[in-house]
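# An overview of the molecular structure
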Amino acid sequence: MNFVKEQVLLTEVQTNLVELEGLIAHQINNDWSNPNLVTTELGDVLDGILLGITIGEQLGTLSNADKKTLLSLYSKFNYYPNDELYRFVDVTDEDKRNFEKLREMLREVGLGLGITISGNMDYFIKQAQELDRKIQSSLNQ
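Because the structure is a prediction, the values reported are computed rather than measured.

## What about the nonpolar core?
One finds Leu17, Leu20, Phe77, Leu102 and Leu131 to be the most contacted residues of the largest nonpolar core, which totals 31 residues. Of all the elements in the fold, those that place two or more residues in this core are α1 (2–29), α2 (36–59), α3 (64–77), α4 (93–108) and α5 (121–140). Sorting elements by how many residues they give to this core places α1 first, with seven residues. Once you skip the residues sitting within four places of it in the chain, Leu102 turns out to touch Leu20, Ile24, Phe77, Tyr80, Leu131 and Ile135.

Laid out in structure tokens, this is it:
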């Protein structure tokens, strides 16, 4: 049961965070020609976090500390524009700058294209905690 929860979180959250970092880099390199690629992927990250929490709770394998970390990260990601079903959000220049900062933070915690990703759940939770702290610090500026 624990394996199932970990696979969901690693696949639906960790992998999507890596893809998010890569899409932000792609948009930077292409002068933000299609910013909704980023906002759509962020929506996938948010969905993955909720799915991971739900499955972990249903299986009884998600610790309170891990749930707190994931919920905090979820709330921080909601500060960024993300798409809703059948509706793309408008992405401002400030949003683009914030996404570029997010990309830096993702890479700093070891979540990005070309970075070796650990399949260890404890390691991923530590990355999530560090990312949560970095985003909070960025939001406070």
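Back to the write-up after that little detour.
## What to know about α2
The first and last C-alpha atoms of α2 sit 34 Å apart over 24 residues, in line with the 34 Å expected at 1.5 Å per residue. One or two steps after α2, the chain reaches Gly60, where phi turns positive at roughly 70°.

## Describing the pattern of salt bridges
Going through the model one piece at a time under the given rule, you end up with eight salt bridges. The salt bridge partner of Lys76 is Asp132, with a shortest N-O separation of 3.0 Å. Of the two residues, Lys76 sits in helix α3 while Asp132 sits in helix α5, which places them 56 residues apart along the sequence. Among the residues examined, Lys76 registers a relative accessible area of 6% and is labelled buried. Residue classification places Asp132 among the buried residues on the basis of a relative accessible area of 13%. Between Glu108 and Lys134 there is a salt bridge whose closest N-O contact spans 2.9 Å. Pair noted here: Glu108 is in helix α4 and Lys134 is in helix α5, with a separation of 26 residues, a long-range link.

Cut-offs and rules
- Residues numbered from 1 in each chain as written.
- Predicted model: local features only at pLDDT ≥ 70, side-chain atom pairs only at ≥ 80, totals over all residues.
- Heavy atoms only, no water.
- Core = buried A, V, L, I, M, F, W, Y, C linked by side-chain atoms within 4.5 Å.
- Buried < 20%, exposed > 50% of the residue type's maximum accessible area, 1.4 Å probe, protein only.
- Helix = DSSP H or I, 4+ residues; strand = E, 2+ residues; numbered from the N terminus.
- Contact = heavy atoms within 4.5 Å.
- Expected span 1.5 Å × (residues − 1).
- Salt bridge = Lys/Arg side-chain N within 4 Å of Asp/Glu carboxyl O.

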